[in-house]
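Below are the chains, spelled out letter by letter.
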Amino acid sequence: MAAMKKTLIAVFVAAFAAYIGSRYLKLREVILASREVPVKHLPRCHYLQNIEYGAEDITILRDGLAFLSTGLKFPWLPSFSDEPGKMYVLDLLHPKPTPVELKINGELDLSSFNPHGISAYVDEADDIVYLFVVNHPQKHTSQIEIFHFVEENTLVHLKTITHPLLNSVNDIVAVGVESFYVTNDRYFYNDVLHILCVLVLGRTWSDVVYYSPKEVRVAADGFMASNGINMSPDKRYIYVADIIDHEIDVFERREGEQLVYLKSVAVGSLCDNIEVDHRTGDLWLGCHPNSLKLLAYDPKDPPGSEIIKIKNIHSEQPVVSQEYLDNGRVLMASTVAAPYEGKLLIGTAFHKAMCCDLK
Ligand SMILES: [Ca+2]
Ligand SMILES: [Ca+2]
Ligand SMILES: [Ca+2]
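Rules and cut-offs
Residues numbered from 1 in each chain as written. Chains lettered and ligands numbered in written order. Predicted model: local features only at pLDDT ≥ 70, side-chain atom pairs only at ≥ 80, totals over all residues. Helix = DSSP H or I, 4+ residues; strand = E, 2+ residues; numbered from the N terminus. Rg over C-alpha atoms; globule rule 2.2 N^0.38 Å. Contact = placed C-beta atoms within 7 Å. Buried ≥ 20, exposed ≤ 12 C-beta atoms within 10 Å, placed from the backbone. Pairing = 2+ DSSP bridges. Axes fitted to C-alpha atoms, helices over the stretch in contact; angles between N-to-C directions. Core = buried A, V, L, I, M, F, W, Y, C linked by C-beta atoms within 7 Å. Parallel < 35°, antiparallel > 145°, perpendicular 65-115°, else oblique. Nonpolar A, V, L, I, M, F, W, Y, C, P; charged D, E, K, R; others polar.

**Q** Got a minute to help me understand the overall build of the protein in this structure?
**A** Scanning the protein from N- to C-terminus turns up three helices and 25 strands. A compact globule built from 359 residues would reach a C-alpha radius of gyration of about 21 Å, and the protein, at 21 Å, matches this within 12%. A principal-axis box enclosing the C-alpha atoms of the protein has dimensions of 80 × 50 × 45 Å. Of the contacts made within the protein by residues no fewer than 6 positions apart, 51% connect residues no fewer than 24 positions apart.

**Q** In this structure, what is going on with the pairing of strand E20 (residues 283-288)? I would like to understand it.
**A** Working note: regular strand, side chains alternate between the two faces of the sheet. Counting buried positions over the six residues of E20 gives six, a clear majority of the element. Burial along E20 is two-sided: Leu283, Leu285 and Cys287 facing one way and Trp284, Gly286 and His288 facing the other are all buried. Examined bridge by bridge, strand E19 (residues 270-276) and E20 share five bridges and lie antiparallel to one another. Residue pairing across strands places Glu275 opposite Trp284, the latter belonging to E20. Counting the residues in the hairpin turn of E19 and E20 gives six residues, including Gly281, whose phi is positive at 80°. Here E20 pairs with strand E21 (residues 305-311) via five bridges, running antiparallel. The residue of E21 that forms the bridge with Trp284 is Lys309.

**Q** Which parts of the structure should I look at to understand the sheet that holds strand E7 (residues 115-122)?
**A** Sheet strands line up and pair through hydrogen bonds in the backbone, either parallel or antiparallel. With mixed pairing, five strands are arranged side by side in an open sheet as E6-E10-E9-E8-E7. Edge strands, defined here as strands with exactly one partner in the open sheet, are strand E6 (103-105) and E7. The average undirected angle you get between the axes of adjacent strands in this sheet is 30°.

**Q** It is not clear to me how the nonpolar core should be interpreted in this structure. Could you clarify?
**A** Generally speaking, nonpolar side chains in soluble globular proteins are found buried as a group. If you look at the biggest cluster of nonpolar residues, it comprises 87 residues, and the most contacted ones within it are Leu68, Leu131, Phe132, Ile172, Leu285 and Ile346. Residues in contact with Ile172, not counting those within four places in the same chain, are Gly117, Ile118, Ser119, Phe132, Val134, Ile144, Phe180, Val182 and Ile229.

**Q** Got a minute to help me understand the pairing of strand E16 (residues 237-242) in this structure?
**A** Across the six residues of E16, six count as buried, placing the element largely inside the fold. Side chains Tyr237, Tyr239 and Ala241 project from E16 onto one buried face, and the interleaved Ile238, Val240 and Asp242 project onto a second face that is buried too. Relative to E16, strand E15 (residues 226-231) runs antiparallel, the two being bridged by four bridges. Pairing of Ser226 across the sheet is with Asp242, part of E16. The turn linking E15 back onto E16 is made up of five residues, and Lys235 within it adopts a positive phi angle of 65°. With six bridges connecting them, E16 and strand E17 (residues 247-254) associate as antiparallel partners.

**Q** Just to check I follow, could you spell out the sheet that holds strand E22 (residues 319-326) for this structure?
**A** A sheet is described by the order of its strands in space; here four strands give the open sequence E19-E20-E21-E22, paired in antiparallel fashion. A strand with exactly one partner marks an edge of an open sheet, and here the two such strands are E19 and E22. Ignoring which end each strand starts from, the neighbouring axes of this sheet average 25° apart.

**Q** Got a minute to help me understand the packing of helix H1 (residues 2-30) against helix H2 (residues 191-201) in this structure?
**A** It is the contact of H1 with H2, at a shortest axis distance of 8 Å, that shows an interaxial angle of 95°. Taken together, the axes of H1 and H2 lie roughly perpendicular to each other. In contact with Ile20, Arg23, Tyr24 and Leu27 of H1, H2 contributes Val198, Leu199 and Val200. Residue classes in the contact of H1 with H2 are distributed as six nonpolar, no polar and one charged.

**Q** Help me out: how do you make sense of unusual backbone geometry in this one?
**A** For Glu152, which is not glycine, the phi torsion reads 60° and is therefore positive. What makes Glu152 exposed here is the crowd of 7 C-beta atoms within 10 Å. One non-glycine residue, Lys235, lies in positive phi territory at about 65°. According to the C-beta neighbour criterion, Lys235 is exposed, with 10 such atoms within 10 Å.

Quick look at the structure:
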């Protein structure tokens, strides 16, 4: 009897090991662990001054003011600065656009400020600019900071929002002065459980949460790993980057902030944040060509950068094109690409940021 029990356990362990082995191979596939990319640069690019430790997210107002969240510290990713994160602003209409650090006024603890995804909301009634920032003051904590942007490069901190459903927030898109959608990129805070979840289930069990002062709920789920989120210029559609599924999921906003899934568009890369050209509605994606190089950071074989554009996303045949590719020698770990009137700002997880001409 004891021998039989031992045999059964051995068979079970072997089967489980074989299963995990096959999941491991699958995982290498989803993180594009063997992918190498050629170099395809844009005609004129220069590094942005003052940005040395990443600009994970960038967003641009219609008048050409760009906001950058910099200095992210995030589990698994390298970070080369001990300083807290900072917010910058840059005027793209200036002949020599230079990022300027934003002063932050109010109650916020700046020593633990760790900004991640951002979104700007302009109130049509009074043109007040609100900046929504995902903040991780401690490892595995997430909260949303809402700021009011005022003249002379200052953010006034209005409030901090925490909620059990805002548990591993990556990016945010504001839809009102105090309402927004966020992506949660993982279910388990514990790194071992998180890896097991990805290995065994092949997903991180992530979702999209809608928040307003009256209502907080999961608005969409079933992603392999939701990351960037943004909205169409007419505000009818929400786009979510399902990073390890290599696609962008498209949702329609219906009455009462219900999200209805419409379709997914394959992008062939691990796309992080999404910015939308306010004139054309094109999606611009900052992507990781090979996530293994990002997670196992080696300066001799650095993680590359890939910028992808999706044109006509709502048509039968969206056009997906690679607009910029680098092997990491010029720019490592691109996370965002924000277009504005023939210019493109590219931000990264922990490296520099660039401004390129598109024409
Ligand atoms: Ca964003
Ligand atoms: Ca998906
Ligand atoms: Ca992101």
